[in-house]
Amino acid sequence: MAFQSLTTPKSDLLLALKNGLCMNKWPVAAMDTQRLDMAKDYVKVLQEKFPESKRVGRLEALLLEAMGLWEEAEKAYSSLLEDNELDPVIHKRRVAMAKAQGNISGAIEWLNKYLEIFMADHDAWRELAEIYVSLQMYKQAAFCYEELILSQPTIPLYHLAYADVLYTLGGIENLHMAKKYYASTIDLTGGKHTRALFGVCLSTSAIDQLTKGRNKDDKENSQLASLSATALGKDYKQRAPNKVSLLASTLRSLKLSS
Amino acid sequence: MGGESLYEIHQNAYIKLVLHALKHGTSAVNAALIGRSSSAGESVEIVDSVPLFHSQIGLLPPLEIALMMIEEYYGEKGLSIVGYFHANERSDDFELSSVAKNIGDHITRYFPQAALLLLENKKLEALPEGMDRSPVMQLYTKDASRSWKLVGSDGSNKLAIKEPSANIVLLDYISSEKWKDIIDFDDHLDDISKNWLNSELFQ
């Protein structure tokens, strides 16, 4: 849709905009593809038609962002916030701007402030978790995923991400927890989730290495691992047959057989 | 000791790295470098590369699986993981992130002369204008003090592409949008039928 708009004669688009069609999408598409001259035209048309509109105000500020005029954009958003203190979009643009300028600690600060007000915004929690992971702040990332799992316990993505973070943190307790959450991911996805199956194998192997087989009541646990290994083997045989032996030797080096 | 070696990267390995970075233009990406060192140890040949991830690069489990499989596959061919490639999320970010350094550290444990390559976005952007034959990436190696140092800032050529016309081929691929075809380990883990070896990419 975005590409379609960029090849149509400008006058037609401006006519469509004047009649109030596709208000937001075309200017944003133009900005996304760095066609700033077109974006400016669109915004101008909208400004004429809807002079007091908050949405147009946001587009104007977005245009400043796209042009890299950070200070001006910041001013624009601040003034918009004066009248619209609880507009989530504007708050999130602030985070985006901080991130775009490389001010990651600023982005984290803004995002945390945002989440204090809008704590049900799952995308924001995920964004924050991903920023933490990129900075190797795994404990903080874990906290975000805990929040997500609490509010949406049946979404396998959060279980998987949480397990990955726990595994990365390491230590025997985290590895056991990671294994649990890989298992719940498998549960929630009907048993074929490649990443979760690998996760079970990895965490079992890591636990074994740390406990050096001292833990005798882990028979059930090793069963889970061999089941996962078998499931992986079956899947690879079906969908990636040229990698079956590679999988087998990888699992062997984890001391598991498929 | 790493700073004394010469690093030569084969065209296909080099192109894969850049295409992968271009495919995922809004995220950080990374890749494993595959090759061997010369018998006397004075040079390292980067024969191939495997694009790894374009999301959540700081997480261990996918990385561990990838490195294990890669080592198994290339080990049989007498090759090993000789380095790591990283491209930052933002085009104006020239820093070597801690994640990149940590992964580089891990690889160095098994291959002390490991090369850490960082995509140079400005150089990549300028490619269509000039006739630059040098690779659009910076080379870092671990020096005696065990920290990652930029190699070649004094003008010496420590990283070279084996085929002199590689950048021309790269530009050609970019204009034909070849980056759409490249598959990384993330893609494989999401759909195991996708081949991270990219065997058909340059056919």
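Data block above holds the structure.
Quick summary incoming for the structure in this document. Small disclaimer: the values here were computed from a predicted structure and weren't measured. (Residues numbered from 1 in each chain as written. Chains lettered and ligands numbered in written order. Predicted model: local features only at pLDDT ≥ 70, side-chain atom pairs only at ≥ 80, totals over all residues. Heavy atoms only, no water.)

### So, the overall build of chain A
Reasoning step 1: Along the backbone of chain A there are 15 helices and 0 strands.
Reasoning step 2: Looking at chain A as a whole, 45% of its 258 residues are labelled buried.
Reasoning step 3: In chain A, of all internal contacts separated by at least 6 residues, the share reaching a separation of at least 24 is 51%.
Reasoning step 4: Of the roughly 13700 Å² of accessible surface on chain A, 54% is carried by carbon and sulfur atoms. (Helix = DSSP H or I, 4+ residues; strand = E, 2+ residues; numbered from the N terminus. Buried < 20%, exposed > 50% of the residue type's maximum accessible area, 1.4 Å probe, protein only. Contact = heavy atoms within 4.5 Å. Areas by Shrake-Rupley, 256 points an atom, 1.4 Å probe, with all protein chains shown as cover.)

### Points about the layout of surface pockets
All names here are of chain B.
Reasoning step 1: Empty space within the second largest pocket amounts to approximately 820 Å³.
Reasoning step 2: What lines the second largest pocket is a set of 34 residues, and nearest its centre among them are Leu60, Glu64, Leu67, His106 and Tyr110.
Reasoning step 3: Looking at side-chain class alone, the lining of the second largest pocket contains 19 nonpolar, 11 polar and 4 charged residues. (1 Å grid on protein atoms, 1.4 Å probe; cavity = no way out; pocket = protein on both sides within 12 Å on 5 of 7 lines; lining within 4 Å. Points joined across faces, edges and corners; volume = space filled by probe spheres on them. Nonpolar A, V, L, I, M, F, W, Y, C, P; charged D, E, K, R; others polar.)

### Observations concerning the sheet that holds strand β1 (residues 6–9) of chain B
All names here are of chain B.
Reasoning step 1: Reading across from one edge, β7-β6-β5-β4-β2-β3-β1-β8 is the order of the 8 strands in this open sheet, with mixed pairing throughout. Strands with a single pairing partner mark the edges of an open sheet, and in this sheet they are β7 (148–151) and β8 (159–161). Averaged over all adjacent pairs, the angle separating strand axes in this sheet is 35°, with direction ignored.
Reasoning step 2: In this fold helix α1 (residues 11–23) packs onto β1, β2 (29–37), β3 (43–51), β4 (80–87), β5 (115–119), β6 (137–142) and β8, with an angle of close to 40° to the strand it touches most, β3. (Pairing = 2+ DSSP bridges. Axes fitted to C-alpha atoms, helices over the stretch in contact; angles between N-to-C directions.)

### Digging into the environment of Glu120 of chain B
Residue and element names in this part refer to chain B.
Reasoning step 1: Here Glu120 lies in the loop between β5 and α4 (121–126).
Reasoning step 2: Exposure remark for Glu120: the relative accessible area of 24% places this residue in the partly exposed category.
Reasoning step 3: In this structure, the C-alpha to C-alpha distance between Glu120 and Leu170, residues 50 residues apart in sequence, is 15 Å.
Reasoning step 4: What Glu120 contacts, discounting residues up to four positions off in sequence, is Val136, Met137 and Gln138.

### Digging into unusual backbone geometry
Residues and elements named next belong to chain B.
Reasoning step 1: If you check the backbone angles, Glu177 has positive phi at about 60° while not being a glycine.
Reasoning step 2: Mapping Glu177 onto the fold places it in the loop between α5 (166–175) and α6 (185–190).
Reasoning step 3: According to the relative accessible area criterion, Glu177 is partly exposed, its value standing at 35%.

### Things to note about the environment of Asn198 of chain B
Reasoning step 1: Topologically, Asn198 of chain B is positioned in the segment after α6.
Reasoning step 2: Along the chain, Asn198 of chain B and Asp181 of chain B lie 17 residues apart, while their C-alpha atoms are 8.5 Å from each other.

### A word on the pattern of salt bridges
Reasoning step 1: Taken as a whole, this structure holds 19 salt bridges over all chains when the rule is applied.
Reasoning step 2: Residues Asp87 of chain A and Lys54 of chain A are paired through a salt bridge, measuring 3.8 Å at the closest nitrogen-oxygen approach. On the criterion of sequence distance, the pair formed by Asp87 of chain A in the loop between α6 (70–83) and α7 (88–100) and Lys54 of chain A in helix α5 (residues 54–66) is long-range, its members being 33 residues apart.
Reasoning step 3: Between Arg239 of chain A and Asp191 of chain B there is a salt bridge, with its nearest N and O atoms 3.2 Å apart. One end of the pair, Arg239 of chain A, is in helix α14 (residues 219–239); the other, Asp191 of chain B, is in the segment after α6, on a second chain.
Reasoning step 4: Overlapping salt bridges, with partners in common, bring together Lys54, Arg58 and Asp87 of chain A in one network. (Salt bridge = Lys/Arg side-chain N within 4 Å of Asp/Glu carboxyl O.)

### Observations regarding the packing of aromatic side chains
Reasoning step 1: Scanning the model with the defined rule gives 9 aromatic pairs over all chains in all.
Reasoning step 2: Measuring from centroid to centroid gives 4.8 Å for Tyr162 of chain A and Tyr181 of chain A, while their planes differ by 80°, and the two rings are edge-to-face. In this pair, Tyr162 of chain A sits in helix α11 (residues 156–169) while Tyr181 of chain A sits in helix α12 (residues 172–188), placing the two residues 19 residues apart along the sequence.
Reasoning step 3: With a centroid separation of 6.1 Å and 80° between ring planes, the pair formed by Tyr73 of chain B and Trp196 of chain B is classed as edge-to-face. One end of the pair, Tyr73 of chain B, is in helix α2 (residues 60–75); the other, Trp196 of chain B, is in the segment after α6, with 123 residues separating them in the sequence.
Reasoning step 4: What makes Trp196 of chain B buried here is its relative accessible area of 0%.
Reasoning step 5: Three or more aromatic residues link up through ring pairs in this structure, and these residues are Phe53, Tyr73, Tyr74, Phe185 and Trp196 of chain B. (Phe/Tyr/Trp six-rings, centres within 6.5 Å; stacked < 30°, edge-to-face > 60°.)

### Concerning helix α15 (residues 244–253) of chain A
Owing to its 3.6 residues per turn, the α-helix brings residues three or four apart onto one side.
Reasoning step 1: Here α15 of chain A has its buried residues at Leu246, Leu247, Ala248, Ser249, Thr250 and Leu251 of chain A.
Reasoning step 2: At the exit of α15 of chain A stands Lys255 of chain A, carrying a positive phi of roughly 65°.

### Regarding the side chain of His24 of chain B
All names here are of chain B.
Reasoning step 1: Inspection of the secondary structure puts His24 in the loop between α1 and β2.
Reasoning step 2: Of the residues examined, His24 reaches a relative accessible area of 12% and is grouped as buried.
Reasoning step 3: Excluding anything up to four places from it in sequence, His24 contacts Val29, His54 and Asp184.

### Some words on the packing of α15 of chain A against α2 of chain B
Reasoning step 1: The N-to-C vectors of α15 of chain A and α2 of chain B enclose an angle of 120°; their axes lie 9 Å apart at closest approach. Taken together, the axes of α15 of chain A and α2 of chain B lie oblique to each other. Crossing angle aside, the handedness with which α15 of chain A passes α2 of chain B is right-handed. Judged by residue contacts, Leu246, Leu247, Ser249, Thr250 and Ser253 of chain A of α15 of chain A engage Met68, Met69, Glu72 and Tyr73 of chain B from α2 of chain B.
Reasoning step 2: Each residue belonging to the contact of α15 of chain A with α2 of chain B can be placed in one class, and the counts come to 5 nonpolar, 3 polar and 1 charged. (Parallel < 35°, antiparallel > 145°, perpendicular 65-115°, else oblique. Left-handed = near helix turned anticlockwise from the far one by under 90°.)

### Describing the environment of Gly191 of chain A
Residue and element names in this part refer to chain A.
Reasoning step 1: For Gly191, the location among the structural elements is in the loop between α12 and α13 (194–211).
Reasoning step 2: Taking relative accessible area as the criterion, Gly191 reaches 27% and is therefore assigned partly exposed.
Reasoning step 3: It is 26 Å that separates the C-alpha atoms of Gly191 and Asp123, two residues lying 68 residues apart in sequence.
Reasoning step 4: Here Gly191 is in contact with Ile186, Leu197 and Ala231, once residues within four sequence places are set aside.

### Some words on empty space enclosed by the protein
Reasoning step 1: Counted by the stated rule, this structure contains 2 cavities of 30 Å³ or more.
Reasoning step 2: The volume enclosed by the largest cavity comes to roughly 70 Å³.
Reasoning step 3: Every residue along the wall of the largest cavity is listed here: Asp164, Arg195, Phe198, Gly199 and Leu202 of chain A together with Pro61, Pro62, Ile65 and Leu189 of chain B.
Reasoning step 4: Of all the secondary-structure elements, those providing two or more residues to the lining of the largest cavity are α13 of chain A together with α2 of chain B.
Reasoning step 5: Among the elements that take part in the lining of the largest cavity, α13 of chain A stands out by supplying 4 residues, more than any other.
Reasoning step 6: Across the lining of the largest cavity, the residue classes break down as 6 nonpolar, 1 polar and 2 charged.

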